[in-house]
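# Geometric and topological summary
Here is how the chains run, residue by residue.
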Amino acid sequence: MTTTADASREAFNRPAARFTAGGLDIRASALGQCRRALWYTATEQPVTNPTPPESLTLLEAGNALEPVVVRAMRRAGWSVTPADRDEPMSVTVEAAPGLTVTGHPDATGRPPTKGGAAAAVEQFLFGEEATTHETDEIVIEVKTRGPEAFKRWQTLGGERSHPESVAQAACYSLGLYGECRDVVIATLDTGSRTWDHEVIPAKRAERAWRNASERLEGLAEHHALHGSDPVTLPERDFTASDWQCQRCPYLNLCQPGGAGEAEDDAELHEPVSDETARAALREYEQAQGRIKSLEADKRGALKTLQHWLQRRGVEKARLDGSAKTRTVGMVQSRRYSVDHTRLNALLEPEQRAEIVTEQVSEYLRVS
Ligand code: SF4
């Protein structure tokens, strides 16, 4: 006998790709996956690099927090109807001939209707050029992200940071309403446990869906040409050093030896023993302790100087230091902030890419 719990498990654990009577069906949450990896899944190849338990725990923790986002949205005045977790509603959309995408919308709803920030949201959603009407329900795609991914999403916008999520929401909109409406991506920062949302206007959501569909069309063509052949493979979308490959369950099948590539890099350097690393860590800890105590001394001295200035009733004064006479004075600093939510809602992703650029630097963190 199949229970609702079984049905729910089956719905959420469906393979990322599978063959159907009509062609190929892709899971909506796998829209951005490597096409070769999807082929391996559809042809039921054995997994060579299973997901480590800690990644599964992270994934499950993320899923478990989704209802928390829904409750937070309700407290902020949103009207939200979450999916029934035991019997989630399934939608299937035709992306191209011989290619369907199937998934389960997280939630649907409406933004708050009163003034202030809520009114601003309304304006983005239902401005003059909007195709979505005020009374329309829209798709809300709920995500949880670590602090860095959350910041990146807020700053760059969903279409640049996680285009597959936007395409996924657009797919649900098409499946539920027969048209691509505005969609909302609501995200929880698992570090600070704060949440934020982004509205993607219908036109842009539709474009994300088109881009994702066109990319997967190649896979449907491969299927039309070669049938369900597990040996004839589509091209790789990534290389061994990409994180997608490093986390791919078929890495050893696709790129035998690929798993060692990142380690090979490290081997170019002199090997460092565990004992040397532990000694380096202890040195780092001692240095950190000294820095903290020096910082406390510096703060104390600055506080004294500030009181001295205030007593004299001046903004600035000269004072003899140990090697030279220095100026002690109050300065004002001004910070400017950009409302990325508004910016992302107002500009096309291409325009944003010219304004908000991304630089990646690498450093070692000890926590
Ligand atoms: S190892 Fe990389 S290229 Fe190969 S299937 Fe996986 S993600 Fe694609």
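This is a predicted model, so every value here is computed, not measured. (Residues numbered from 1 in each chain as written. Predicted model: local features only at pLDDT ≥ 70, side-chain atom pairs only at ≥ 80, totals over all residues.)

## Things to note about the overall build of the chain
To be explicit about the condition: By the criteria applied, helices consist of DSSP H or I runs no shorter than four residues and strands consist of E runs no shorter than two, each listed in order from the N terminus. Note on burial: count the other C-beta atoms lying within 10 Å of the residue's C-beta; 20 or more is buried, 12 or fewer is exposed, in between is partly exposed, and C-beta positions come from the backbone. Working definition of a contact: two residues with C-beta atoms, positioned from the backbone, lying within 7 Å.
Of regular secondary structure, the chain possesses 14 helices and 11 strands. Scored against the burial criterion, the 367 residues of the chain give a buried share of 26%. Looking at the chain alone, contacts between residues at least 24 apart form 68% of all its contacts between residues at least 6 apart.

## Points about the sheet that holds strand 8 (residues 183-189)
To keep things clear, this is the line we draw: The rule for pairing is simple: two strands pair if DSSP sees at least two bridges between them. Structural elements are reduced to axes, namely lines fitted to C-alpha atoms, with helices fitted over the stretch in contact, and the angle between N-to-C directions of any two is expressed from 0 to 180 degrees.
With respect to topology, 5 strands assemble into an open sheet ordered 3-6-7-8-9, the strand pairing being mixed. Looking along the sheet, the strands with just one partner apiece sit at the ends: strand 3 (79-82) and strand 9 (195-200). If you compare each strand with its neighbour and ignore which way they point, the axes differ by 30° on average. Strand contacts of helix 7 (residues 163-177): strand 6 (107-110), strand 7 (138-145), strand 8 and strand 9, with the helix running at about 150° to strand 7, the strand carrying the most contacts.

## Looking at helix 7
Basically, it comes down to this: Given the number of residues in a helix, its expected span is that number minus one, multiplied by 1.5 Å.
In this model helix 7 runs 21 Å from its N-terminal to its C-terminal C-alpha over 15 residues, within 8% of the 21 Å that 1.5 Å per residue would give. For helix 7, a buried count of 11 out of 15 residues is recorded, marking the element as mostly surrounded by other parts of the structure. Burial in helix 7 covers these residues: Ser165, Val166, Ala167, Gln168, Ala169, Ala170, Cys171, Tyr172, Ser173, Leu174 and Gly175. Among the residues trailing helix 7, Gly178 stands out with phi positive, at a value near 75°.

## Considerations on the site of the ligand
Put simply, the rule reads: Proximity of a residue to a molecule or strand is defined by its backbone-placed C-beta atom lying within 6 Å of that partner. Here the term charged refers only to Asp, Glu, Lys and Arg, the term nonpolar to Ala, Val, Leu, Ile, Met, Phe, Trp, Tyr, Cys and Pro, and the term polar to all other amino acids, Gly among them.
By nearness alone, 13 residues border the ligand, and Cys34, Arg236, Cys245, Cys248 and Cys254 come closest of all. Contributing elements (two or more residues each) for the shell around the ligand: helix 2 (35-42), helix 9 (243-246) and helix 10 (251-254). Classifying every residue of the shell around the ligand by side-chain character gives 8 nonpolar, 2 polar and 3 charged.

## Examining the sheet that holds strand 1 (residues 17-20)
Strand order in this open sheet of 4 strands is 1-2-5-4, and the pairing throughout is mixed. Edge positions in the sheet fall to strand 1 and strand 4 (91-96), since each of these pairs with one other strand and no more. For this sheet, the mean inter-axis angle between neighbouring strands, taken without regard to orientation, is 30°. As judged from the 5 bridges shared by strand 4 and strand 5 (residues 99-103), these two strands associate in the antiparallel manner.

## Digging into the pairing of strand 2 (residues 23-27)
For strand 2, the tally of buried residues reaches 4 of 5 residues, placing the bulk of the element in the interior. In terms of strand pairing, strand 1 meets strand 2 through 4 bridges, oriented antiparallel. Bridge pairing in strand 2 places Thr20 opposite Gly23. Here strand 1 folds back onto strand 2 in antiparallel fashion, the turn holding 2 residues.

## Some details on the pairing of strand 11 (residues 325-329)
With 0 of its 5 residues buried, strand 11 lies for the most part at the surface. Note: strand 10 (residues 316-320) against strand 11, 5 bridges, orientation antiparallel. Pairing of Leu319 across the sheet is with Arg326, part of strand 11. Between the antiparallel neighbours strand 10 and strand 11 lie 4 residues.

## Overview of the nonpolar core
To keep things clear, this is the line we draw: Remark: nonpolar core denotes a set of buried Ala, Val, Leu, Ile, Met, Phe, Trp, Tyr and Cys residues whose joining runs through C-beta atoms within 7 Å.
Leu38, Val166, Ala170, Cys171, Val183, Ala205 and Trp209 are the most contacted members of the largest nonpolar core, which has 55 residues in total. For Trp209, the contacting residues outside a window of four places in its chain are Ala167, Ala170, Cys171, Leu174 and Cys180.

## Some remarks on the packing of helix 7 against helix 8 (residues 202-226)
Heads up, the rule is: Convention used here: angles under 35 degrees read as roughly parallel, angles over 145 as roughly antiparallel, angles from 65 to 115 as roughly perpendicular, and any remaining angle as oblique.
Across the interface, helix 7 lies against helix 8 with an axial gap of 8 Å and an inter-helix angle of 105°. Considered as vectors, helix 7 and helix 8 are oriented roughly perpendicular to each other. Facing helix 7, whose interface residues are Pro163, Glu164, Val166, Ala167, Ala169, Ala170, Cys171, Ser173 and Leu174, helix 8 presents Ala205, Glu206, Ala208, Trp209, Asn211 and Ala212. Residues of the contact of helix 7 with helix 8, tallied by class, amount to 11 nonpolar, 2 polar and 2 charged.

## A short note on the confidence of the model for the chain
Worth spelling out the cut-off: You can read pLDDT as the predictor saying how much it trusts each residue, on a scale of 0 to 100.
With 87% of its residues at a pLDDT of at least 70, the chain reaches an overall mean of 87. Of the regions scoring below 50 in pLDDT, residues 116-130 engages in 20 contacts with residues more than four places distant in sequence or in other chains.

## Remarks on unusual backbone geometry
Phi at Glu44 is positive, roughly 55°, even though this residue is not glycine. Note that Glu44 resides in the loop between helix 2 and helix 3 (53-75).

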